[in-house]
Amino acid sequence: MTQELWGVFLNAALVNNFVLAYFLGICPFLGVSAKLDSAGRMGLAVTFVMLVASLCAFGINRLLGMIGAEYLSLISYIVVIASSVQLVEMFVRKTSPALFKQLGIFLPLITTNCAILAVALFQTQREYGLLEGLVFAFGAGMGFTLALVLMAGIRERLRLVDVPDVAQGMAITLVLAGILSLAFMGFAGMGASA
Amino acid sequence: MFGLRPAFPGGVRLPAVERHDSDALIRQMAFASLLRLPLRQHAGAASVAVVQPGDEVMRGQLLARAEADTAVPLHAPATGRVVRISAQPDGDGAAVGVIELAPAAGDTQEEITGRPLDPARCSPDELLRAIGDAGLVGLGGEAGSTHERLVRARAGGARVVVINGIEGEPGQARVPALLLRHGPDVIQGLRMVLRVLQTERSLLAVESHDGEAAGKLVQTVGADCGLTLRVLPPRYPQGAAGLLLRSLASNGADLNRAEAVVFSLATIAEIGRLLSRGWVMTDQLLTLSGDGLDKPGNYRVPLGTPIAFALAEAGARGDVERVLLGGPMRGKAVAGLERPIVKATTGLVAVAAGSAAGVPEPMACIRCGDCVTACPVQLHPAELGLLARRGENEAMFTDWYLDRCIECGCCSYVCPSHIPLVQMFRAARLQQRRLQRLAGEEVPA
Amino acid sequence: MMPSSHLLSLRGAPHLHADSAVPRLMLHSVIALLPVSVFAVFLFGLAALATVAVAILACLLAERVCGPRSALGDGSAILTGLLLGLSLPPALPLWMVAFGAFVAVAVGKHLFGGLGGPAFHPVLVGRVFLQAAFPSAMAQAWVAPLAAGRATELPATSLALPFLTPDAPYDGISGATPLSALKAGEAGEPLLSLWLGTVSGSVGETSALLLLLGGLYLVYRRVIDWRIPAALLGSVALFSAVLHAIDPERFPAMMTALGSGALMLGAWFLATDPGISPTTRRGAWLYGLAIGLLVVVIRQFSGQAEGVMYALLLGSALTPHIDRWTRPKPLSEGVEE
Amino acid sequence: MADAGMISEREDGVERLRLGFWRENPILVQALGMCPVLAVSNTGVNALTMSLATTFVLLSSAIVISTIRGIIPRQVRLACFVLVIATFVTLTDMAVEAFALELHQALGAFLPLIVVNCMILSRIEIMASRQPISVAALDAIGMGAGFMLGLVTLGSLRELLGRGTLFGAQVMPDRFEPWQVMQLPGGGFFTLAALVIGFTLLDRSLKRWREVPA
């Protein structure tokens, strides 16, 4: 059991990294990876929302399964995830203003992040249980954070380098993502259930 | 890992120094036909002239009075006539008053001498005043008023006098000359400083190539005034005071950095030499070096001597391509050879054409980090260099501490891409200072 | 005779310079790689020579096309070509070699602003691109060591027309590199031939010993920071020894793990590239340690037989962060005066 | 040619068509909406399906939103947009599943992910919720076409080099050695980067060419 969970985690975090293997969350990846501080915070916020999303999706699937209305799943995910994130945001703002300041700006942005919805969809498609789903979401979030932080480090460095002007901005970032993606292929085959 | 532990972070190991007997030689330089004496010759305020054009003055006579705390008085280096007083640009482009003095022909140099002082019989205040009146400045390169320095040290509770016997620049040989020829003056000067500061602890620091000479001095005359000797492994820029203290601490000296005050060996020797004879500062001990000279070595050069004259006296050849005030690591290349030797001058280097093969074109930074390892202040010259290239001067100060740069040149020295790092930093700091000055002027308006 | 003022040169201080220059660093690296290159030609004959020559020529050409003209002289393109050639299988179609070299220089180097800019080692970019683009060729284009006739003829696959699959099948010695044989559960090579390099493998990745000697030469010449290979090899040794102690059946012994030419080439010649490695000494230790750990993890727990290339790429992605953590703190107290 | 960067009131729908296709191309210029679609850009067919589906969702949502734009309260407008979009995505998903099961399996979970395509949401927010139906619809078509231009080029290139085929038909010589990296995510990133660079260069030279006679 533990081994299987490890497999799920490694698969989501490294082998099939959301950003580098599935192109999920590219928008924040391109947008927020220019600065290291915000990259780290964004990653943590995404991980957190992914956990919430996984939990919600599990509940929704159970509920819709009971009433036989699976075709409503997509709409329900969107609505439920968005509103629970809203609730959590309000809760965090009340209880921990410091944490809210750290994550606050990113939370609303994240809700329409495809990586979040993908956690819900993938977990449904692969028929993960509650625990597996949470581990999967955590792995995906960590993988996203890792990719974002590695990228931010390199991009901060590239700021002082003479990148040809046609390649500046999006193109060089995509090339970097491509190289990172190839580098992550080293992890292929890791975790039994890949 | 192998070898001596660096006494402070970074620095560079320059080619080893070998001492010869000739290094202890000091030659007296003759007077040039015209001496040019700026009213500001050191790091501090200018002094105010008290003579008029046409005045006949005697050697040692007061030419300009110190009015500000940071100013020092200026005395005539030779007996002669004041020809002219005019405003002229100094090395940095600012205008400063210059007294031009024509020494009298012949050897009839009359001299004003004051009362010789004995540290054992004078009060600290009397000695302090005499040091101020002699027009002394720090001779190790920092060139601030010695009087002011002592006043501050006394107020700050300095308990240990550290004599900095480390050559500031490669190629200089003032230290062996001072140790071997001016030993008694060094001891007299030390006694005076100890008396002013009312303390008894002192320490002489030299690099290993001068260890022998320093040992002799301490053994013969230094023992009775409690002078202890520390011999340090050579490493540039160990002569910088803060780094020297670090070096001493990590080489086992029992030293509280807050209580230590550092004076260069040249300053201490000059205090002793002048005050015990009742003299004032009228000349400067300099090493003239470089492959453009036939007679390199230590010279006692009258203040105001034009560089061209000094070089000629030292046998300058026609192919001198570059002349440096100071030394090869930090020295400024001079544009005009009519500029005079002043109190702040620490050395003179004449580089012959072709000896330093053409400066290679700078290449891109390869981020090898050699400069980071070499920086004695632990800055990040590579990052700073990249920022400077982008013109991001602000970040250089706010994020990367350029204000702490001591401009020792180690980064440029080691850079395999030949990037003029310290040169860029100097420019950035100059600009920063200008901006600050501008901002400062605008505030009252 | 005094010089006249207007002829004086007015450079800023310092007026001295240490005896180090980028082209010299490149030259020493090439010298350090000569023994293993010569040995490769001895071992694989014309195939090795052609691979390395094509890699170097293609790199020079790409440098000429993409870079400023002055950059040809710094020797970095030659070094890139040599390193890339040495890291490829000897019977790889030569057009793939040239393609990889072009990717290395154009994408890996000049897209990142040329010398000093790249965040990843150009050689690794070229190599990993080839690995991903042509996995079957990269996994099969091996030549048996000391084969007869190696001095006079090229493997048929080398001469495949550009962008086409070669007519002849790859020799595809079973298992090919010693590590992949081990991974596949076959009997490993004897330790001695592993270190001497009389085994099959990439052009210049056979003899761990010669690469080690080359690396030591670079350390002696102060071209590279010895801390990086020391930390890297040390951590590979440590982690593989630990794993071997836990399960000797599954994990190879320490000396076998260290005896890989790819590891030696990576540790001494690629990881030490100044542009991709941390600037501080403390950083160098961390960097080597991290790469070593990644090498062992990828080798033993993923589907790959050799993890050096991936570990190096990931390691250089860590470099900015290591630099950040180990950034020196400027001295503050009274340095001036 | 009018100054294209500005959105002014005079601008008509035809102008919007051109803008979406080229100057404000969602993929190559704005880098929008790439997340859920890049993953299926490995072949021309997948890319075409995905961009058709996306365009359909964008167009229908734009029409609906533009129609009801008067009655949507400002505070909950985003939720309403998402609901409308999600409805059309669910419809599309079901339609593809019904008519092309194989394709549906190839696209996997990425079809439903059109919901969170930021290009759709941004067009709805910027255009459909403020403009009359005709302008909104033309804008949607323009953007959809631009989206298709980027995505299909990307998919075709990746298929051509990675498999030697184009929309399933063999076009490269028989012995062509496929660049398998093109089928991998890494190749996707590289190809997109190359497209962006190519687009920028092309756009620049076009501009220069246009300026010369003037």
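Position numbers for residues count from 1 along each chain, tracking the sequence in the order it is written. The naming scheme follows written order: chains are lettered A onward, ligands numbered 1 onward. Reporting of local features is limited, given that this is a predicted model, to residues whose pLDDT is at least 70; pairs of side-chain atoms are given and counted only at 80 or more, and all residues count toward the totals for whole chains, interfaces and linings. Note that the side-chain values use all heavy atoms of the structure and ignore hydrogens as well as water.

Asker: With reference to specific residues and values, describe the nonpolar core.
Answerer: Here, the term nonpolar core denotes a set of buried Ala, Val, Leu, Ile, Met, Phe, Trp, Tyr and Cys residues that are joined through side-chain atoms within 4.5 Å. Exposure is judged per residue with a 1.4 Å probe applied to protein chains only, and the accessible area is read against the type maximum: over 50% gives exposed, under 20% gives buried, and values in between give partly exposed. By size, the foremost hydrophobic cluster in this structure holds 229 residues, and its most contacted members are Phe18 and Leu24 of chain A together with Leu33 and Phe120 of chain C. Residues Leu178, Leu194, Cys225 and Met281 of chain B belong to the second largest nonpolar core, which totals 47 residues.

Asker: Give a detailed account of empty space enclosed by the protein, specifying residues and quantitative values.
Answerer: Residue and element names in this part refer to chain B. Within this scheme a cavity is a closed region of a 1 Å grid, computed over the protein atoms alone, that accommodates a 1.4 Å probe without allowing it to escape, whereas a pocket is open but has protein on both sides within 12 Å along at least five of seven lines; lining residues each have an atom within 4 Å of a point. Grid points are joined across faces, edges and corners, and a volume is the space filled by probe spheres set on the points. Under the definition given, this model contains 4 cavities of 30 Å³ or more. Taken as a whole, the largest cavity encloses approximately 80 Å³ of empty space. As for the largest cavity, its lining consists of 15 residues, of which Cys375, Leu379, Cys405, Cys408 and Cys411 are closest to the centre. Side-chain classes are defined by residue name, with Ala, Val, Leu, Ile, Met, Phe, Trp, Tyr, Cys and Pro counting as nonpolar, Asp, Glu, Lys and Arg as charged, and the others, Gly among them, as polar. A per-class count over the lining of the largest cavity returns 13 nonpolar, 1 polar and 1 charged. What the second largest cavity holds in volume is close to 70 Å³. Around the second largest cavity, the lining residues are Leu139, Arg174, Leu178, His182, Ala266, Ala269, Glu270, Arg273, Gln284, Leu285 and Arg300. The helix count covers DSSP runs of H or I at least four residues long, the strand count covers runs of E at least two residues long, and both are numbered beginning at the N terminus. Looking at the lining of the second largest cavity, the elements that each hand over two or more residues are α3 (174–181), α7 (265–275) and β13 (283–289). In terms of residue count, the dominant contributor to the lining of the second largest cavity is α7 (4 residues). Its residues assigned to classes, the lining of the second largest cavity comprises 5 nonpolar, 2 polar and 4 charged.

Asker: Can you lay out the side chain of Asn164 of chain B for me, pointing to particular residues and giving the numbers?
Answerer: Residue and element names in this part refer to chain B. Position of Asn164 relative to the elements: it lies in strand β9 (residues 160–165). Here Gly239 takes part through its backbone oxygen, which lies 2.8 Å from a polar atom of the side chain of Asn164. Any two residues whose heavy atoms approach within 4.5 Å at even a single point are treated as in contact. Ignoring anything within four residues of it in the chain, the contact list for Asn164 reads Ala205, Gly239, Leu244, Val262, Phe263, Ser264 and Leu265. In protein, a polar contact means a hydrogen-donor-capable atom and an acceptor-capable atom, both N or O and within 3.5 Å, with residues adjacent in sequence counting only if both atoms are side-chain atoms; elsewhere, any N or O pair within 3.5 Å suffices.

Asker: Now, about the pairing of strand β5 (residues 62–65) of chain B: what can you tell me, with residues and values included?
Answerer: Residues and elements named next belong to chain B. Strands are treated as partners if at least two bridges between them are detected by DSSP. Two strands pair when backbone bridges link them, and strand β3 (residues 48–49) and β5 are joined in this way by 2 bridges, in the antiparallel orientation. By the bridge assignment, Ala49 is partnered in β5 with Ala64. With 2 bridges joining them, β5 and strand β6 (residues 74–75) adopt antiparallel strand pairing. Pairing of Ala64 across the sheet is with Leu74, part of β6.

Asker: Explain the sheet that holds strand β10 (residues 201–207) of chain B to me, using residue names and the numbers behind them.
Answerer: Residue and element names in this part refer to chain B. Reading across from one edge, β11-β10-β9-β12 is the order of the 4 strands in this open sheet, with parallel pairing throughout. Both outer strands of the open sheet, β11 (227–232) and β12 (260–264), are each paired with one neighbouring strand and no more. Mean inter-strand twist for the sheet, computed between neighbouring axes without regard to direction, equals 25°. As paired elements, β10 and β11 share 6 bridges and run parallel to each other. Within β11, the residue paired with Leu204 across the bridge is Leu229. Axis definition: a line fitted to C-alpha atoms, over the contacting stretch in the case of helices. Angles run 0 to 180 degrees between N-to-C directions.

Asker: Provide a residue-level description of the pattern of salt bridges, including the pertinent values.
Answerer: Residue and element names in this part refer to chain B. Any carboxyl oxygen of Asp or Glu within 4 Å of a side-chain nitrogen of Lys or Arg constitutes a salt bridge here. Counting across every chain of the model gives 31 salt bridges over all chains. Of the charged contacts in the structure, one is a salt bridge between Glu167 and Arg19, with a shortest N-O distance of 3.0 Å. Of this pair, Glu167 sits in the loop between β9 and α3 while Arg19 sits in the segment before β1 (26–28); the two residues are 148 residues apart in sequence, bridging distant segments of the chain. What makes Glu167 buried here is its relative accessible area of 12%.

Asker: Pulling in residues and values, what's your account of the interface of chain B and chain C?
Answerer: Contacts between chain B and chain C engage 65 residues on the former and 41 residues on the latter. Once two parts are put together, the accessible area they lose, assessed with a 1.4 Å probe and summed over both, is termed the buried area. Roughly 4600 Å² of surface becomes buried between chain B and chain C when both sides are summed, with 61% attributable to carbon and sulfur atoms. At the junction of chain B with chain C, the criterion picks out 0 salt bridges. The interface formed by chain B and chain C contains 15 residue pairs in polar contact (both at pLDDT 80 or more). Within the residue set of the side of chain B that touches chain C, elements represented by two or more residues are α2 (146–155), α6 (241–250), α8 (307–313), β15 (320–325), α9 (370–374), α12 (410–414) and α13 (421–442) of chain B. Ranked by the residues each element gives to the side of chain B that touches chain C, the list is headed by β15 of chain B, at 5 residues. Among the residues forming the side of chain B that touches chain C, the class breakdown is 37 nonpolar, 14 polar and 14 charged.

Coordinates in, geometry out; function isn't part of it.
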